[in-house]
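Listed below are the residues making up each chain.
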Amino acid sequence: MVCRPAQAAGTAVEEVSAPAGFDPASADGLRRLAATYGSPLLVIDAQRVRAQYRRLEAALPGVVLHFALKPMPHPAVVRVLRDAGACFDLATDGEIDLVRRAHIEPGRCIHTHPIKRESDIRTALAYGIETFVADNPDEIRKFAKHRHRARLLIRVAFRSAEAVCDLSRKFGCDPEDALALVEFARSLGIGVRGFSFHVGSQAGGPGMHVAAIEACTRLLEAAATRGERCDLLDIGGGFPVDYRRAAMPIEEFCAPLCGALARLPQGVRAIAEPGRFVVAPAGIAVASVMGRAKRDGRWWYYLDDGLYGSYSGRLFDHAEYPIEALERTGERQRSVLAGPTCDSIDVIDEDIALPLLEIGDLVVGRSMGAYTWASATEFNFFPKASVIAVDRGQVIEEEET
Ligand SMILES: *Cc1c(COP(=O)(O)O)cnc(C)c1O
């Protein structure tokens, strides 16, 4: 594993403020982008991506961060984080393709899907990935023929009632079965590097992470007494961000995690797989009002983006984005904000206080960088938002590969 700590990789590209260009998060910047590129847009503020990455890195000293591509699988985000020295957490062939096109060394990547097709494993191995995740005997068996090239993390489930998205319902073994799986792998000649977990996305507090780290510490100790040479604990993602409701500041969230990680057995390193925390605050959705109607005394505004587009996270991710009207001030009235498709489920907000909007007005959603564009569809032939990444006041152009 040749994950480069950021000090080594990122020193040359320390933050500079945007002098000549513009701030993509400002009303003026968003207006300029919409005037140039039309709508709907998903604007990515690259400086904010870097700042989020650095902030989490500082809050988790010594923990190597593997950015999980799933919440925002876009080449510009991959390149920004590549240049910041990040490592990557991949789960599919498409994600491997993204890091391959960004010329990211496979040693900076791990593959963490607990259930894989044989072809997924072959693609990842061909790329040079060596660390994979499994949580059951059938999955472990798939690695018997690759045992000279692959080693495993055993994913353990810790159910979290407080996370907004519980990721331990679908994946992970019972903690009581984890050591038996390590032994089973060993019986097939497959090396086990350690354990991983994901307590759920947008965690409500640090309690589940701490409990999971403590439980895995006991598993690692037990594995060591049985002669296993484990070197890795992967604490997953789940780091929360502000939506309409503020989250705990990340430094406060991570302090008890660091306390628990300090008690890991000697020789065991920790890594994490943040997704949401790195990209959510850096994404801003810009949509236009394409029509309006007064129904039962209330204004309905129809945007060119909706629940089948970037606002898909309202459904899949249970997220409540801060939404604002860019052009208008004035008295707010209870209104309905709807998406463009002909489906009646496509309503972003049934009851939102908005000033009187005109056709063509821009409506902006903040904290929309994670699980938004990634889960958007083109239902009814309404195109997904165009992603425009801005770095230091300049739009990032596609890189030739
Ligand atoms: C989705 C996912 C992540 C990212 O989780 P966040 O809560 O967005 O930080 C990390 N690891 C795995 C295995 C995932 O499936």
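What counts, and at which threshold
- Residues numbered from 1 in each chain as written.
- Predicted model: local features only at pLDDT ≥ 70, side-chain atom pairs only at ≥ 80, totals over all residues.
- Heavy atoms only, no water.
- Salt bridge = Lys/Arg side-chain N within 4 Å of Asp/Glu carboxyl O.
- Helix = DSSP H or I, 4+ residues; strand = E, 2+ residues; numbered from the N terminus.
- Buried < 20%, exposed > 50% of the residue type's maximum accessible area, 1.4 Å probe, protein only.
- Near = heavy atom within 4 Å.
- Polar contact = N/O pair within 3.5 Å; in protein donor to acceptor, adjacent residues only side chain to side chain.
- Areas by Shrake-Rupley, 256 points an atom, 1.4 Å probe, with all protein chains shown as cover.
- Nonpolar A, V, L, I, M, F, W, Y, C, P; charged D, E, K, R; others polar.
- Domains from an automatic or database assignment.
- Contact = heavy atoms within 4.5 Å.
- Buried area = accessible area lost by both parts, 1.4 Å probe.

S.K.: Could you give an account of the pattern of salt bridges, naming the residues involved and the relevant values?
M.R.: According to the stated counting rule, one finds 26 salt bridges in the structure shown. Among the ionic pairs, Arg-54 bridges to Glu-57, the shortest N-O distance being 3.6 Å. Taken as a pair, Arg-54 and Glu-57 lie in helix α3 (residues 46–59) at a separation of three residues, close to a single helical turn. Across the pair, Glu-57 and Arg-54 agree in class, each one buried. As a salt-bridge pair, Glu-105 and Arg-108 come within 3.3 Å of each other at their nearest N and O atoms. By relative accessible area, Arg-108 is classed as buried at 1%. Linked by salt bridges that have partners in common, Arg-50, Asp-391 and Arg-392 make up one network.

S.K.: Please give an account of the site of the ligand that cites residues and values.
M.R.: The immediate surroundings of the ligand are formed by 14 residues, with Lys-70, Ser-201, Glu-273, Arg-276 and Tyr-371 found nearest. A distance of 2.4 Å separates a nitrogen atom of the ligand from a polar side-chain atom of Glu-273. Arg-276 places a polar main-chain atom, nitrogen or oxygen, 2.8 Å from an oxygen atom of the ligand. For the ligand, the accessible surface in isolation is 390 Å², of which the surrounding protein chains cover 92%. For the shell around the ligand, the residue count by class is three nonpolar, six polar and five charged.

S.K.: I'd like a description of the domain arrangement of the protein, backed by residues and values.
M.R.: You can read the domains of the protein as domain 1 (47–279) and domain 2 (281–400). For domain 1 and domain 2, the distance between their C-alpha centres works out to 32 Å. At the junction of the two partners, domain 1 supplies 25 residues and domain 2 supplies 28 residues. If you sort the residues of domain 1 by the area they bury against domain 2, Arg-79, Tyr-243 and Arg-244 come out on top, with a joint share of 29%. Across the salt bridge formed by Asp-317 and Arg-276, the nearest N and O atoms sit 2.8 Å from each other. Seen at the junction of domain 1 and domain 2, the total is eight residue pairs in polar contact (both at pLDDT 80 or more). The residue makeup of the side of domain 1 that touches domain 2, split by class, is 13 nonpolar, four polar and eight charged.

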